[in-house]
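# Descriptive structure summary
So the chains spell out like this:
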Amino acid sequence: MKKELGIGAMFLFLCVVVAWLNPRFLSEANLRNQAHLVGMFGIFSIGLGIIIITGGIDLSVGSAFALQGVLLSMMLVEWKWPWPLAALAAIGCLVFLGVVHGFLITKVRLQPFIVTLCGFMIYRGLARYIANDETKGFGESNFGMLRPMAAGYVFGVPTSFILLIVIAAIMYVVLHRSVYGRYLFAVGRNEEAAKYSGINTGLVIGSAYAVSMLLAGISGIILAFYTNSISPSAHGLAYELYGIAAAVLGGCSLRGGEGSILGIVLGTALIQVLRNLVNLVTIHGHPISSSLELVVIGGVILIGILADELLGRRMAKTRSQPREAVAAVK
Amino acid sequence: MVASAMTSTPILQLQGISKLFPGVVALSNVSLDVGLGEVVALIGENGAGKSTLMKILGGVHQPNEGRILISGEHVSIRSVADAVKMGIGFVHQELNNLDNLEVAANIFLGREPLWGGPLHLIDRRRIVRDSLPHLRRLGLDVNPRTPLKTLPLAQQQLVEIAKALSQNARILVLDEPTSSLTGPETQRLLATVRDLRAQGVSVIYISHRLGEISQVADRVVALRDGRNAGELPRDQITHENMVRLMIGRDLRSFYVAPSGANHSPRFQARNVRTAAWPGRSVSFDAAGGEILGFAGLVGAGRSELAETIFGVRPMLEGQITLDGSPLNIRHAHDAIAAGIFLVPEDRRKTGLVTSMTIRENITLPGLWNYTRAALIDRKAECVEASRQVDAMRIRAPGVETRVMNLSGGNQQKVVLGKWLALNPKILIVDEPTRGIDVGAKAEIYRLLRALADKGVAVIVISSDMEEALGISDRLAVMHEGAIAGILDRSGLTEEKVMNLAFGKTHAA
């Protein structure tokens, strides 16, 4: 819980700072837009967080977004598929990729980094090839309920944000209260011991990649209607890195076995505020060059993780002493 | 100090060492002298302060009080590098070598001779040449260019000792050096220790295996609860004396004798072939109410057999029958569902998720038993975990303590508790007391016997001869993947077991 408190405090602090430097931060339009983005990023970041908890990684999400976006546009606009079918197919396509990743990682025992790095290249390339390197779009049509569900508002709140809250709540129960969630932590920290406790470690780990892609599939549709046009070479580029950063900032350890849903959501929100800060804040009347955006985000994440690591080491030092105490009391 | 006939100043004197951690006195006024060419065994239960004392000697911790003298001169050891400089060498229980490198590269790790001026290239020819005498000195006849991982554990350990000697270690600390060695390997190591003593090297020998200590030690120093608990000169080093010093009372009977309850056949393994020894097949029966021991040399295939029965290794062929019905075990899950459980050899690697709490570890294999509407019921978990903590007498602040913060004996009890919570029919325990102190050992033997008395078939794999002889109602001895013989308790002698283990005689 301490980590979540820390990151939550940092998030609130940044909100206050940005609002103080530029009151437009609190404008309805900006808040809505930010909530929309937090929702979109948050949903797939939760998936990446779960993979990270199992000790794995997925680098292919951004490329999968491009592939999914291109396919979705073609299904809806060119092939005129009914919207529920197209949406299901778009999500199902990513789940299929996740299943393939899981299979290669757990059955063929390839390293997650390599498998998903190949995915990163293959899906981007496929998206460009299928789209003939041309930008695809959705135009003005609503496609039934699809656009309102992906990019609409309910009582002024972006649907993506509401979806995030619902998904986060479900995933909270799954990760922190269900047997499957406990297994995820166990295989992430010690796969062998989990196997010796009768856990089907391959299924647990492999399914994490599928669950992650399921969430990415939902995020991907939201993203497609957010941009409303899919440029196959740039759509979703490096988004997996934002997701990984959010998960790690929120307390997931790349060694596996650590992390929480609340932390991941707060990490996502923090990164969004940072991106917003770069757009909104001016220094001596000059806006921060948007080319500096990645510098600011990268720098803040580094500082956050450094602080956490240093604090963690100090706490570990004080914690190691009661351990000897237990032994000595014997 | 009086006991050993020292003519000169001891090479090492630790005087009045105290070490305080916040709220705890880890060491209180502890003294330890080591003479030139003397083998001093340091004994004590886990948590008695042996590790803390050795960490102070190794420069990892600084004492709050007390002083350290080397050859009569007051020194301060501020870092590990200081300790090395002063001729103190450590060989730890868990080997700290890099087994991806060659033997010679390990010996010269961190102080490689260089050539090529600014290029800082490693003089490979020289490290090979210079490591040879150190290997010879230990009677280790291996090519220095051999990759370390191709050597058996016992030889890897000798490489560690060679490394310490190559740094001119005059005081060698061996921490549980034989915990992973077979009987003959242990004897060779003890011979090496005697050679080193003859060469004037002083040895501090830490071990839970009292048999070895009586063979090799010139003097025994015992610690208890962070204090000196007494010393034994050479002629008084006996099993009983050492145990009394460590636990402060007599340990009447280490092993609980079988109650003689009637044994009902429960478990049959027929023609089991494992991937480790595909050319051999193994058949044996285990009865409820008995403890069936498995002895043999390391590599004889005992652990592999156990892991195959438990379903974590593939069974090439064979038939497992439990209570009359045949089982098809393909995963650990199948074995667990049938009531066949394994306490594995390496509790930190395969027995426990050490970053998790006692509660989470105990409920892990049967997590579905603690659910309501598919969600984990923490209260039910806590109830079961507390029950096991009480039954096993696990010493911990509470069930939410992370397992990594427990001593070895208590960790082993958590592994046992994890299975006892599920009512075992067959419990296979691989090396039940490795690296565990005397007090906890006795408790684990008592637990295993109590389980057998309840009708469980307990199978114990042990490389500790004394333990194998002491605990088993029947003892199966394995040799190169096959059972060389099964001995009854009445006819059990160390000699018979060793003969079978080495494959010298036919099955008894």
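It should be emphasised that the depicted structure is a prediction, and the values quoted were computed from it without experimental measurement. (Residues numbered from 1 in each chain as written. Chains lettered and ligands numbered in written order. Predicted model: local features only at pLDDT ≥ 70, side-chain atom pairs only at ≥ 80, totals over all residues.)

## What to know about the overall build of chain A
The test is simple: Strands here are runs of E lasting at least two residues and helices are runs of H or I lasting at least four, both read from the DSSP assignment and numbered beginning at the N terminus. Neighbour density around each residue's C-beta defines its exposure: 20 or more other C-beta atoms within 10 Å make it buried, 12 or fewer make it exposed, and counts between make it partly exposed, where C-beta atoms are placed from the backbone. Once C-beta atoms are placed from the backbone, any two residues with those atoms within 7 Å are in contact.
Broken down by element type, chain A carries 13 helices and six strands. Summarising its shape, the C-alpha atoms of chain A cover approximately 75 × 55 × 35 Å along the three principal directions. For chain A, with 330 residues in total, the buried portion stands at 49%. Residue pairs at least 24 apart in sequence account for 78% of intrachain contacts in chain A once pairs closer than 6 positions are excluded.

## Describing the overall build of chain B
So the rule is basically this: Within these notes, the globule rule equals 2.2 Å times the number of residues to the 0.38 power, and the radius of gyration is based on C-alpha atoms.
Scanning chain B from terminus to terminus reveals 17 helices and 24 strands. Here the C-alpha atoms of chain B give a radius of gyration of 24 Å, agreeing with the 23 Å that 2.2 N^0.38 yields for 508 residues. Dimensions of chain B, computed from C-alpha atoms along their principal axes, come out at roughly 70 × 50 × 50 Å. By the burial criterion, 49% of the 508 residues in chain B qualify as buried. In chain B, once contacts between residues fewer than 6 apart in sequence are set aside, the share between residues at least 24 apart is 67%.

## Thoughts on the nonpolar core
What counts, and what does not: Among buried residues, those of type Ala, Val, Leu, Ile, Met, Phe, Trp, Tyr and Cys that are joined through C-beta atoms within 7 Å form a set called a nonpolar core.
Within the largest apolar cluster, 247 residues are counted, with the highest numbers of intra-cluster contacts made by Leu172(B), Tyr205(B), Ile428(B), Leu448(B), Val458(B) and Val477(B). Looking at this core, the element that brings in the most residues is helix H10 (residues 201-227) of chain A, giving 15 residues. When neighbours within four sequence positions are excluded, Val458(B) is seen to be in contact with Ile291(B), Leu427(B), Val429(B), Leu448(B), Leu451(B) and Ala452(B).

## Observations regarding the domain arrangement of chain B
For the record, the criterion: In this document the domain limits rely on a domain assignment from an automatic tool or a database.
Taken domain by domain, chain B consists of domain 1 (1-87 + 172-177 + 202-251), domain 2 (94-169) and domain 3 (264-339 + 424-501). Domain 2 of chain B and domain 3 of chain B are separated by 38 Å when their C-alpha centres are compared.

## A short note on the sheet that holds strand S9 (residues 171-175) of chain B
Residues and elements named next belong to chain B. Defined as follows: The pairing criterion for strands is at least two bridges between them, as found by DSSP. For helices, the axis comes from a line fit to the C-alpha atoms of the stretch in contact; other axes are also lines fit to C-alpha atoms, and the angle between any two N-to-C directions lies between 0 and 180 degrees.
Across the sheet, which stays open at both edges, the six strands sit in the order S6-S9-S10-S3-S11-S12 with mixed pairing between neighbours. Of all strands in the sheet, those bounded by a partner on one side alone are strand S6 (88-91) and strand S12 (227-233). Taking the axes of each pair of neighbouring strands and ignoring which way they run, one obtains an average angle of 20° across the sheet. Examined bridge by bridge, strand S11 (residues 219-224) and S12 share six bridges and lie antiparallel to one another. Each residue of the ladder has a partner; that of valine 220, found in S12, is leucine 232.

## Observations regarding the packing of helix H3 (residues 61-78) of chain A against helix H5 (residues 112-130) of chain A
Residue and element names in this part refer to chain A. Let me state the cut-off plainly: Just so you know how the angles are binned, under 35 degrees is roughly parallel, over 145 roughly antiparallel, 65 to 115 roughly perpendicular, and the rest oblique. For a crossing to be left-handed, the near helix must be turned anticlockwise from the far one by less than a right angle; the clockwise case is right-handed.
Relative orientation of the contacting elements H3 and H5 amounts to 25°, with a least axis distance of 7 Å. One finds that H3 runs roughly parallel with respect to H5. Considering the relative orientation of H3 and H5, their crossing is left-handed. Only Gly119, Phe120, Tyr123, Arg124, Leu126, Ala127 and Ile130 of H5 make contact with H3, whose side of the interface consists of Ser63, Ala64, Ala66, Leu67 and Val70.

## Overview of the confidence of the model for chain B
Note the threshold: Every residue gets a pLDDT, meaning the predictor's confidence in that residue, from 0 to 100.
When pLDDT is averaged across chain B, the result is 87; 94% of the residues are at 70 or more. Below pLDDT 50 for its whole length, residues 1-6 of chain B participates in 10 contacts with residues either more than four positions away or in separate chains.

## Comments concerning the packing of helix H2 (residues 28-53) of chain A against H10(A)
All names here are of chain A. Note the cut-off: Amino acids are sorted into nonpolar (Ala, Val, Leu, Ile, Met, Phe, Trp, Tyr, Cys and Pro), charged (Asp, Glu, Lys and Arg) and polar (every other residue, Gly among them).
Contact pair H2 / H10: the axes reach a minimum separation of 8 Å and the direction vectors enclose 165°. On the basis of the axis angle, H2 is roughly antiparallel to H10. Seen along the crossing, H2 lies across H10 with a hand that is left-handed. On H10, the residues that touch His36, Gly39, Met40, Ile43, Phe44, Ile46, Gly47, Leu48, Ile50 and Ile51 of H2 are Ala208, Tyr209, Val211, Ser212, Met213, Leu215, Ala216, Ile218, Ser219, Ile222, Leu223 and Tyr226. Residues belonging to the contact of H2 with H10 are distributed by class as follows: 17 nonpolar, five polar and no charged.

## A few points about the environment of Glu231(B)
Considering the arrangement of structural elements, one finds Glu231(B) in strand S12. Its 18 C-beta neighbours within 10 Å are what place Glu231(B) among the partly exposed residues.

## Focus on the sheet that holds strand S16 (residues 315-322) of chain B
Residues and elements named next belong to chain B. Pairing within the open sheet is antiparallel, and its four strands lie in the order S14-S13-S16-S17. In this open sheet, the two edge strands, each paired with only one partner strand, are strand S14 (282-288) and strand S17 (325-327). Taken pair by pair, the neighbouring strands of this sheet meet at an average axis angle of 20°, ignoring direction. Sheet analysis places strand S13 (residues 264-274) next to S14, joined by six bridges and oriented antiparallel. Residue pairing across strands places alanine 269 opposite phenylalanine 284, the latter belonging to S14. Lying over the sheet, helix H9 (residues 302-309) contacts S13, S14 and S16, oriented at roughly 110° with respect to S13.

## A closer look at unusual backbone geometry
All names here are of chain B. The residue asparagine 29 is not glycine, and still its phi comes out positive at about 55°. With respect to the element layout, asparagine 29 can be found in strand S2 (residues 24-34). Within the chain, asparagine 423 stands out as a residue other than glycine whose phi angle is a positive 55°. Tracing the backbone shows asparagine 423 in the loop between helix H14 (408-420) and strand S21 (426-430).

## Points about helix H1 (residues 50-57) of chain B
Residues and elements named next belong to chain B. Burial analysis of H1 places seven of its eight residues in the buried class, which makes it a mostly covered element. Considered for burial, the residues of H1 that qualify are Lys50, Ser51, Thr52, Leu53, Met54, Ile56 and Leu57. Glycine 59 occupies a position one or two residues after H1 and carries a positive phi of about 85°.

## Section: helix H17 (residues 494-501) of chain B
Worth spelling out the cut-off: Here, the arc refers to the directions that run from the helix axis to the C-beta atoms.
Of all the positions in H17(B), only Val497(B), Leu500(B) and Ala501(B) are classed as buried. Taken around the axis of H17(B), the buried residues stretch over an arc of 100°, which confines them to a single face.

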